[in-house]
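# Breakdown of the fold
Spelled out from the first residue to the last, the chains are:
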Amino acid sequence: MLESTGADSINMASSKGILEDGLSNSEQFLDIDSLTKLAALAASVTSDCRCLLHDLSSWSTWPISYREQDFLQIGTLARLSSEEAILEEYHPAGTNYWSSTAPVAPRFYPYNQCTLWQCRCCSRIYLRHNDDGAYHVALRIRRLHAQFIVDAPHFNDGRESR
Ligand SMILES: [Zn+2]
């Protein structure tokens, strides 16, 4: 009988998450199309999950109850090193860094320094970056929502001009 084989392949598919086609490299650069596609897939996830314990719709300090191993890095939005990339943020509608409706504009800070992570349990997608403060580095996390992704241009393509 082939029934058990069928069940196995379903389990394998769900444990691998939604990324299978060569995007398993954690340092894979994700362009706006890939980002949008991932966000759309994540938006279809409706299951409850412990990654929803804290409201991460805006940038938050990594919650201490969250476990690093529950997330899998699936790529990066950083095309440039932190020295080359602009620190300018993109807020045409009067939002700020902390707004839950702040645009996710990959050429602009902090998105130009973000890595992308997938919850291993539910496949929801999260952005992470290290906020370099004067005294310590804060690890920040924000859930990726498709509706806030904006392909905003920058006159120097996100590169710091000197
Ligand atoms: Zn989750």
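Scroll up for the structure.
### Observations concerning the pairing of strand S4 (residues 125-132)
Both strand S3 (residues 115-119) and S4 contribute to a ladder of four bridges, which runs antiparallel. Residue pairing in the sheet places Gln-118 in a bridge with Ile-125 of S4. In sequence, S3 turns back onto S4 through a hairpin of five residues, with Ser-123 there showing a positive phi of about 75°. Pairing geometry for S4 and strand S5 (residues 137-143), over seven bridges, is antiparallel. Opposite Arg-128, over in S5, you have Ile-141 as the bridge partner. What sits between S4 and S5 in their antiparallel hairpin is a turn of four residues.

### Section: the nonpolar core
Counting 25 residues, the largest nonpolar core has Leu-77, Tyr-111, Leu-116, Ile-125, Tyr-126 and Leu-144 as the members making the most contacts within it. Of all elements in the fold, only helix H2 (32-43), strand S2 (71-76), S3 and S4 reach the threshold of two or more residues within this core. Contacts of Ile-125, omitting those with residues within four sequence positions, involve Leu-38, Ala-39, Ala-42, Leu-116, Gln-118 and Leu-144.

### Comments concerning H2
Here H2 is 12 residues long and its end C-alpha atoms lie 16 Å apart, about the 16 Å a rise of 1.5 Å per residue gives. Those residues of H2 that are buried are in contact with S4.

What counts as what
Residues numbered from 1 in each chain as written. Predicted model: local features only at pLDDT ≥ 70, side-chain atom pairs only at ≥ 80, totals over all residues. Pairing = 2+ DSSP bridges. Helix = DSSP H or I, 4+ residues; strand = E, 2+ residues; numbered from the N terminus. Core = buried A, V, L, I, M, F, W, Y, C linked by C-beta atoms within 7 Å. Buried ≥ 20, exposed ≤ 12 C-beta atoms within 10 Å, placed from the backbone. Contact = placed C-beta atoms within 7 Å. Expected span 1.5 Å × (residues − 1).

Note that every value here comes from positions in space, so none of it alone points to a role or purpose.
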